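What follows is each chain in one-letter form.
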Amino acid sequence: MKLGIVGLPNVGKSTLFNSLTKAGAESANYPFCTIDPNVGIVPVPDERLDVLGKLYDSEKVVPAVVEFVDIAGLVKGASKGEGLGNQFLANIREVDAIVHVVRCFEDSNIIHVEGSVDPVRDIETINMELIFSDMEVLERRASRVIRGAKNDKSLAKEAAMIERLQKHLEAGKMAKSFELLDEEEAAFYAEYNMLTGKPVIYAANVKDSDLADEGASNAFVQKVKEFAAGEGSEVFVICAQIEQEIAELDEEDKKMFLDDLGLTESGLEKLIRASYHTLGLISYLTAGPKETKAWTITRGTKAPQAAGKIHSDFERGFIRAEIVSYENLTECGSFNAAKEKGLVRSEGKEYIVQDGDVVLFRFNV
């Protein structure tokens, strides 16, 4: 899973990135201090892995990972080269979803590029830059497609679709609300990698005093939630500064720190939960003496394709999957004990793998 972090300058974007990845990205109180995109790989917190690792006395425990890409703060006109320009938008075209950090706090010591705090205005500023960037991609594509459209029916169909999509974007609408008429159009569209077609998760960055009630008393947060509800996006509330402090602590101190703040989970955990939900992802687990590992798949994936995540041979030569739920396995204390109680199921090619399934694949190549 790859997530791109966007937002205006000085909204807490790089501070959040630092805390999520402990990568030490430059963070300062002026625009464009993030010159090159910062990339960080972060393990997905999953306490089930630690439990299974101990149960099997595994040599290593391997969590799923998330890749974060942090780009320079965008300003009005970024797609036309203002600030550090459109080159940075190219850095997030390959991500699965966009994390949009929105400032929801007042602080006279931290400059706001627009001179005041207004989260909905800020969201719309970023959205327009993403739309302009997508329009530029379409213009380049259209110039190639139109040349060949006279002699090629498929290209003629694509040219007509591009024209519709351009009008849609020109009206200030995101590509995600564009209606595709058939599978052929969907195939064209997939090649464009529209920024405004990606799922968005809003990170409402608040002061630490607003964390305990999840920003319920913060009018800025409520505006972000209303806006997000209108487009079917998720919102999570964070304090980037607190996240940076949490990142410096070990697990035991982190838990105490969160307890003192009245919190049950860190911002990273909130973000990953929101990301998995938004992208329709789950994790299944494999466990043994050598390795216990989490594998991320799309909800609804059948057993052979889930096996293919481990190795293509597993999918090609799939025979069956022996499956026990994490809860049953840990209650019984071992795979064999679960098997004796009839809790291990043998599933075939049509089985849809569930979150928390502990799986042993049988295959023959």
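This report concerns the structure included in the present document. Treat the numbers as computed from the prediction; the structure is a model and nothing was measured. Within every chain, residues take consecutive numbers counted from 1 along the sequence as written. Only residues with pLDDT of at least 70 are given local features in this predicted model, and only at 80 or more are side-chain atom pairs given and counted; all residues enter the totals for whole chains, interfaces and linings. The side-chain numbers reported here are obtained from all heavy atoms of the structure, hydrogens and water having been left aside.

## Some remarks on the overall build of the protein chain
Part 1 of the argument: Helical segments are the DSSP runs of H or I of at least four residues, strand segments are the runs of E of at least two, and each set is numbered from the N terminus. Broken down by element type, the protein chain carries 14 helices and twelve strands.
Part 2 of the argument: Put simply, the protein chain has 365 residues, and 48% of those count as buried.
Part 3 of the argument: Long-range contacts, defined here as pairs at least 24 residues apart, represent 69% of the contacts in the protein chain between residues at least 6 apart. Exposure classes here rest on a 1.4 Å probe applied to the protein chains alone. A residue is buried below 20% of its type maximum, exposed above 50%, and partly exposed in between. Note on definitions: a residue-residue contact is assigned when non-hydrogen atoms from the two residues lie within 4.5 Å.

## What about the packing of aromatic side chains?
Part 1 of the argument: Aromatic pairing here means that ring centres of Phe, Tyr or Trp (its six-membered ring) are within 6.5 Å. Orientation follows from the plane angle: under 30 degrees is stacked, over 60 is edge-to-face, and everything else is tilted. Per the counting criterion, the structure on display carries five aromatic pairs.
Part 2 of the argument: Taken together, a centroid distance of 6.2 Å and an interplanar angle of 90 degrees make the contact between Y202 and F227 edge-to-face. Remark: F227 occurs in helix α7 (residues 219–231) and Y202 occurs in strand β6 (residues 200–205); sequence separation between them is 25 residues.
Part 3 of the argument: Aromatic rings pair up to connect Y284, W295, F318 and F361 into one cluster.

## Examining the sheet that holds strand β7 (residues 234–238)
Part 1 of the argument: Whether two strands pair comes down to DSSP finding at least two bridges between them. The six strands lie next to each other as β2-β4-β1-β5-β6-β7, forming an open sheet whose pairing is mixed. Of all strands in the sheet, those bounded by a partner on one side alone are β2 (38–43) and β7. Strand-to-strand twist of the sheet, defined as the mean angle between neighbouring strand axes without regard to direction, takes the value 25 degrees.
Part 2 of the argument: The pairing of β2 with strand β4 (residues 65–70) spans six bridges and is classified as antiparallel. Bridge pairing in β4 links P43 to V65. Helix axes use the C-alpha atoms of the stretch in contact, all axes being lines fitted to C-alpha atoms, and the angles between their N-to-C directions lie in the range 0 to 180 degrees.

## Overview of the side chain of N127
Part 1 of the argument: In this structure, N127 sits in helix α4 (residues 119–149).
Part 2 of the argument: With near-sequence residues (within four places) excluded, N127 lies in contact with M174, T196, Y202 and F227.

## Side note on the nonpolar core
Nonpolar side chains in soluble globular proteins tend to end up buried together.
Part 1 of the argument: By size, the foremost hydrophobic cluster in this structure holds 65 residues, and its most contacted members are F68, C104 and L271.
Part 2 of the argument: Residue contacts for C104: discarding those within four places in its chain leaves P119, A204, N205, V206, N218, F220, V221 and V224.
Part 3 of the argument: In these notes, a set of buried Ala, Val, Leu, Ile, Met, Phe, Trp, Tyr and Cys residues joined through side-chain atoms within 4.5 Å is what counts as a nonpolar core. I131, A142, Y189 and Y192 belong to the second largest nonpolar core, which has 19 residues in total.

## What about the packing of helix α1 (residues 13–21) against helix α8 (residues 240–247)?
Part 1 of the argument: Contact geometry for α1 and α8: axes closest at 8 Å, N-to-C directions at 25 degrees. Regarding the angle of α1 to α8, the classification is roughly parallel. Here the hand of the crossing between α1 and α8 comes out left-handed. On the side of α1, the interface is formed by T15, L16, N18 and S19, while α8 contributes A240, Q241, E243, Q244 and A247. Oblique is the label for any angle not under 35 degrees, not over 145, and not in the 65 to 115 range, which are roughly parallel, roughly antiparallel and roughly perpendicular in turn. Each crossing gets its handedness from the near helix: less than a right angle anticlockwise from the far helix is left-handed, clockwise is right-handed.

## Observations concerning α4
What sets the pattern is the α-helix's 3.6 residues per turn: residues three or four places apart point alike.
Part 1 of the argument: Expected span of a helix: the number of residues minus one, times 1.5 Å. Its 31 residues place the ends of α4 43 Å apart at the C-alpha level, agreeing with the 45 Å of an ideal helix rising 1.5 Å per residue.
Part 2 of the argument: Largest kink in α4: about 25 degrees, centred on A142. The quantity called bend is, for any residue, the angle between two axes fitted respectively to the seven residues ending at it and the seven beginning at it.

## Structural notes on helix α6 (residues 183–192)
Part 1 of the argument: Considered for burial, the residues of α6 that qualify are E185, F188, Y189 and Y192. The buried residues of α6 all sit within an arc of 95 degrees when viewed along its axis, so they share a single face. Opposite its buried face, α6 presents the exposed residues E183, A190 and E191, each directed more than 90 degrees away.
Part 2 of the argument: Of the surrounding secondary structure, the elements contacted by the buried residues of α6 are α4 and α5 (153–170).
Part 3 of the argument: By the N-cap criterion, in which a side-chain oxygen at the helix start approaches the backbone nitrogen of a residue two or three places on, α6 is capped by D182, the distance to E184 being 3.2 Å.
Part 4 of the argument: Downstream of α6 by one or two residues, N193 has phi in the positive range, about 55 degrees. What the arc covers is the set of directions going from the helix axis to the C-beta atoms. The term polar contact refers here to a pair of N or O atoms within 3.5 Å; inside protein, the definition further demands a hydrogen-donor-capable atom paired with an acceptor-capable atom, and it admits residues adjacent in sequence only when both atoms are side-chain atoms.

## Things to note about the pattern of salt bridges
Part 1 of the argument: Each salt bridge in this description consists of a side-chain nitrogen of Lys or Arg and a carboxyl oxygen of Asp or Glu lying within 4 Å of one another. Counted according to the given criterion, the structure contains 22 salt bridges.
Part 2 of the argument: Here R164 ties to E185 by a salt bridge, and the two come within 2.8 Å at their closest N and O atoms. Remark: E185 occurs in helix α6 and R164 occurs in helix α5; sequence separation between them is 21 residues.
Part 3 of the argument: Of the residues examined, R164 reaches a relative accessible area of 29% and is grouped as partly exposed.
Part 4 of the argument: By relative accessible area, which is 3% here, E185 ends up buried.
Part 5 of the argument: Several salt bridges share partner residues, and in doing so they unite R320, E322, K339 and R362 into one network.

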